[in-house]
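# Residue-level structural notes
Residue strings, one per chain:
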Amino acid sequence: MNNYEERLALLSEMIAFSVIDGRLHEREYLFLTMIAEELQVQKHDFKNLFHQEEYPIVIKSEFERIQQFYRLALLMHCDGVLHEREQIKIHEIGINMGLNPHAIKRVLKAMETSPNKMISPQFLIEVFQEQLN
């Protein structure tokens, strides 16, 4: 992340996605808190994001778009319930990020079948790079 505003925008997008099913689950909030700490966002700024509209941002780097997509996918699985609205929205977000629809489906399917809902970073990158060839 290049600057603080970009990090706030990424978190804002994640917060908006976390309530797509109508509620913010405690596990989702804890996951968001962990991401905020990882991105070095100040606590008061993080809390203020819950009361603001989403920051529009275009992520330039493909790696950062893939990374943000994966964060959102992890967030989707945090509460242990996979809502149809979440599945629709994650596909829409991925496509709006310019990610390959086939790679999006493969990643989400792999996460769904994984016991801990996580995939290796190598697999994540390989799936998206395969589509470039």
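Here goes a summary of the coordinates provided. None of these values were measured; they are calculated from a predicted model. (Residues numbered from 1 in each chain as written. Predicted model: local features only at pLDDT ≥ 70, side-chain atom pairs only at ≥ 80, totals over all residues. Heavy atoms only, no water.)

### Here's the deal with the overall build of the protein
Secondary structure summary: the protein contains seven helices and zero strands in total. Tracing the protein from N to C terminus, the helices and strands come up as α-α-α-α-α-α-α. What you see for the protein is a C-alpha radius of gyration of 14 Å, in line with the 14 Å of a compact globule of 133 residues. Each principal axis of the C-alpha atoms in the protein carries an extent, and together these give about 45 × 30 × 20 Å. Within the span of the protein, comprising 133 residues, buried residues form 44% of the whole. Relative to all contacts within the protein whose residues are 6 or more apart in sequence, the contacts with residues 24 or more apart total 70%. Averaging the locations of the 14 positively and 20 negatively charged side chains of the protein gives two centres separated by 3 Å. (Helix = DSSP H or I, 4+ residues; strand = E, 2+ residues; numbered from the N terminus. Rg over C-alpha atoms; globule rule 2.2 N^0.38 Å. Buried < 20%, exposed > 50% of the residue type's maximum accessible area, 1.4 Å probe, protein only. Contact = heavy atoms within 4.5 Å. Lys, Arg positive; Asp, Glu negative; His and termini not counted. Charge placed at Lys NZ, Arg CZ, Asp CG, Glu CD.)

### Points about the packing of helix 1 (residues 4–18) against helix 2 (residues 26–38)
Helix 2 packs onto helix 1 with a crossing angle of 175° between their chain directions and a minimal axis gap of 11 Å. Between helix 1 and helix 2, the angle is such that the two are roughly antiparallel. Of the residues in helix 2, those touching helix 1 at Leu 11, Met 14, Ile 15 and Ser 18 are Glu 28, Phe 31, Leu 32, Ile 35 and Ala 36. Across the contact of helix 1 with helix 2, the residue classes tally to seven nonpolar, one polar and one charged. (Axes fitted to C-alpha atoms, helices over the stretch in contact; angles between N-to-C directions. Parallel < 35°, antiparallel > 145°, perpendicular 65-115°, else oblique. Nonpolar A, V, L, I, M, F, W, Y, C, P; charged D, E, K, R; others polar.)

### Concerning the environment of Glu 6
Within the secondary structure, Glu 6 is located in helix 1. For the pair formed by Glu 6 and Ile 59, sequence separation is 53 residues and the distance between their alpha carbons is 8.5 Å.

### Considering unusual backbone geometry
The phi torsion at Gln 40 lies on the positive side, around 60°, for a residue other than glycine. Looking at where Gln 40 falls in the secondary structure, it is placed in the loop between helix 2 and helix 3 (43–48). A positive phi angle, close to 65°, is found at Lys 117, a residue other than glycine. Structurally, the position occupied by Lys 117 is in the loop between helix 6 (101–113) and helix 7 (121–130).

### Overview of helix 4 (residues 62–78)
With 17 residues, helix 4 should cover 24 Å at 1.5 Å per step; its first-to-last C-alpha distance of 24 Å lies within 8% of that length. With respect to burial, helix 4 is a largely interior element, 14 of its 17 residues being buried. For helix 4, the side-chain oxygen to backbone nitrogen distance between the N-cap and Phe 63 is 3.3 Å, and the N-cap itself is Ser 61. Directly after helix 4, the chain includes Gly 80, whose backbone phi takes a positive value near 80°. (Expected span 1.5 Å × (residues − 1). Polar contact = N/O pair within 3.5 Å; in protein donor to acceptor, adjacent residues only side chain to side chain.)

Taken by themselves, the reported measurements are silent on function.
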